[in-house]
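Given next are the chains, with one letter for each unit.
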Amino acid sequence: MGSIGVGNEIHVVIGGAFPFCNTVVVITSEELVVIDPGCPIEELRSLLKNHNLELRDIDTVILTHIHPDHIAHATKLHRLSGCRIAANEMTASLFNDKEEMKKFLGFHKKHPIRPLWEELVNRSMYGALEDGRVDEELRNGDKFAVGNLTLRVLYAPGHLPDHMCIEFLEPNLIFASDIDCTRFGPFYGHENSSIPEFRESIRMLKKRDYKGMISGHLQEPLIVDHRNALSEYEKHFDRREEAVLKSIGDGAETIEELSINPIVYPPLSDLVLLQFEKWMIEHHVSSLMEKGLVEVVNKKLIAMFPESST
Ligand SMILES: [Zn+2]
């Protein structure tokens, strides 16, 4: 835990793995900006104290997307400091209406797992479901100054449709949030997540030159060779897809059967993680169907093997 400096005025408070996230803090003489306040709050307090600042001195909170582990302290910090909250237009409408947020994440009112998910959020990411309001809407490409730094909004959907990154133009860094390059791999465990969009966002980041990429969940958050890290990260999509295809080839006929031997998560005893696992497997099944490698016959999944089918 703790925090590290990644530029003169840019710091990362290490939250690490879910249910926390890494929080980027920009401390200039003019403004104190906190991006994704999901780190342990004491760690944030301690970084600020080292700069003779307090939580109540925060001017702006920016949210990269609506996931509870990234927004957990936003409303609390607003209450304490009166800071403005900024987010893109999609995240803003979800943040402003938490019922919409729950639906967006797949947990509509009658979803059987919703109470367990809410319990998990309230236990580990307390504050994320509180009512709050975004004061300023950001759009793709928006540039704004924080002291002498220029920040730019870069939409990067796939993980969720509202996911965005924040570029720091002068030191040439990017906070890639949940394009996080962890060993776990990419997370697309919601109905509206998208593997093709996620891969497109990764390709977009690989085309850009950065001095460093800041991960939303790595314990050592600064990635210097972002192209290589993203290439390794992308391999998880193919590895998981091969595992899903093999499992269907071995006789699994439904999503339920596919998720008996988990492909993404370790052996499962947690019903919320099992739900994420199922949604991620569903994305792979769709992808395999689009490629003609899997078909549905009498509501059962069948693997098609091009070599033997001709
Ligand atoms: Zn996320």
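Per chain, the residues get numbers from 1 upward, laid out in the order the sequence is written. Predicted model: local features are reported for residues with pLDDT of at least 70 only, side-chain atom pairs are reported and counted for 80 or more only, and whole-chain, interface and lining totals are derived from all residues. Hydrogens are left out, water is left out, and the side-chain values use all remaining heavy atoms of the structure.

Regarding the overall build of the protein chain
Line of reasoning, step 1. When helices and strands are counted, the protein chain shows 11 helices and 15 strands.
Line of reasoning, step 2. Each radius of gyration is computed over the set of C-alpha atoms, and the globule rule expresses the reference value as 2.2 Å times the number of residues to the power 0.38. Relative to a compact globule of 310 residues, whose C-alpha radius of gyration would be 19 Å, the protein chain shows 20 Å and is just as compact.
Line of reasoning, step 3. With the principal axes as the frame, the protein chain shows a C-alpha extent of 70 × 40 × 30 Å.
Line of reasoning, step 4. Taking all 310 residues of the protein chain together, the buried fraction comes to 54%.
Line of reasoning, step 5. Each accessible area is a Shrake-Rupley result for a 1.4 Å probe, and residues are judged covered by the shown protein chains and nothing else. Surface accessibility of the protein chain: about 14,100 Å² in total, with carbon and sulfur atoms responsible for 50%. Helix and strand labels come from DSSP, where a helix needs a run of H or I of at least four residues and a strand needs a run of E of at least two; each type is numbered from the N terminus. For the exposure calls, accessible area comes from a 1.4 Å probe over protein chains only, and a residue counts as buried if that area is under 20% of its type's maximum, exposed if over 50%, partly exposed in between.

Notes on the domain arrangement of the protein chain
Line of reasoning, step 1. Entries for the protein chain in the domain assignment read domain 1 (3-225) and domain 2 (232-300).
Line of reasoning, step 2. Domain delimitation follows an automatic or database domain assignment. Relative to domain 2, the C-alpha centre of domain 1 lies at a distance of 28 Å.
Line of reasoning, step 3. Every residue pair with non-hydrogen atoms within 4.5 Å of one another is taken to be in contact. Taken together, the contacts link 29 residues of domain 1 with 16 residues of domain 2.
Line of reasoning, step 4. Here domain 1 meets domain 2 over a buried area of about 2,200 Å², counting both sides, of which 67% is carbon and sulfur.
Line of reasoning, step 5. Once two parts are joined, some of their accessible surface, as seen by a 1.4 Å probe, is lost; buried area is that loss totalled over both. A per-residue breakdown of the area domain 1 buries against domain 2 is headed by Phe184, Tyr188 and Arg199, which together make up 28% of the total.
Line of reasoning, step 6. We define a salt bridge as a side-chain nitrogen of Lys or Arg found within 4 Å of a carboxyl oxygen belonging to Asp or Glu. Counting every contact that joins domain 1 to domain 2 gives three salt bridges.
Line of reasoning, step 7. The salt bridge involving glutamate 234 is made with arginine 199; its shortest N-O contact spans 3.4 Å.
Line of reasoning, step 8. Polar contacts, as counted here, are pairs of nitrogen or oxygen atoms within 3.5 Å of one another; within protein the pair requires one atom able to donate a hydrogen and one able to accept it, and residues that are adjacent in sequence qualify only if both atoms are side-chain atoms. Linking domain 1 to domain 2 there are 13 residue pairs in polar contact (both at pLDDT 80 or more).
Line of reasoning, step 9. Taken together, the elements giving at least two residues each to the side of domain 1 that touches domain 2 come down to α6 (114-124) and α7 (195-207).
Line of reasoning, step 10. If you tally residues by element for the side of domain 1 that touches domain 2, the top one is α7, at six residues.
Line of reasoning, step 11. Lys, Arg, Asp and Glu make up the charged group, whereas Ala, Val, Leu, Ile, Met, Phe, Trp, Tyr, Cys and Pro make up the nonpolar group; the residues left over, Gly among them, are polar. Among the residues forming the side of domain 1 that touches domain 2, the class breakdown is 15 nonpolar, seven polar and seven charged.

Focus on the pattern of salt bridges
Line of reasoning, step 1. On inspection of all chains with the given rule, the structure shows 23 salt bridges.
Line of reasoning, step 2. In this structure, the salt-bridge partner of glutamate 100 is lysine 103, at a minimum N-O distance of 3.1 Å. Of the two residues, glutamate 100 and lysine 103 are both situated in helix α5 (residues 98-104); the distance of three residues between them amounts to about one turn of the helix.
Line of reasoning, step 3. The exposure class assigned to glutamate 100 is partly exposed, which follows from its relative accessible area of 32%.
Line of reasoning, step 4. The partly exposed category is assigned to lysine 103, whose relative accessible area is 45%.
Line of reasoning, step 5. Bridged by salt links that share partners, the residues Glu99, Lys102, Arg114 and Glu118 form one connected network.

Describing the layout of surface pockets
Line of reasoning, step 1. Here the largest pocket defines a volume of roughly 420 Å³.
Line of reasoning, step 2. Using a grid of 1 Å spacing that covers the protein atoms alone, one calls a set of points a cavity when a 1.4 Å probe fits there but cannot get out, and a pocket when the set is open and has protein on both sides within 12 Å along at least five of seven lines; lining residues are those with an atom within 4 Å of a point. Looking at the largest pocket, it is lined by 22 residues, and the ones nearest its centre are Phe18, Asp69, Phe187, His217 and Tyr265.
Line of reasoning, step 3. Where the lining of the largest pocket is concerned, the elements lending two or more residues are α2 (68-71), α6 and α10 (271-290).
Line of reasoning, step 4. Ranked by residues supplied to the lining of the largest pocket, first place goes to α6 with three residues.
Line of reasoning, step 5. Across the lining of the largest pocket, the residue classes break down as 13 nonpolar, six polar and three charged.
Line of reasoning, step 6. Structurally, the lining of the largest pocket is a two-domain feature, drawing no fewer than three residues from each of domain 1 (3-225) and domain 2 (232-300).
Line of reasoning, step 7. Grid points are joined across faces, edges and corners, and a volume is the space filled by probe spheres set on the points. Approximately 210 Å³ is the volume attributed to the second largest pocket.
Line of reasoning, step 8. Lining the second largest pocket, in full, are Ser194, Ile195, Pro196, Arg199, Phe237, Asp238, Glu241, His283, Ser286, Ser287, Glu290 and Lys291.
Line of reasoning, step 9. At the level of secondary structure, the elements contributing two or more residues to the lining of the second largest pocket comprise α7, α8 (226-249) and α10.
Line of reasoning, step 10. Here the element with the most residues in the lining of the second largest pocket is α10; it accounts for four residues.
Line of reasoning, step 11. When grouped by side-chain class, the residues that make up the lining of the second largest pocket number three nonpolar, four polar and five charged.

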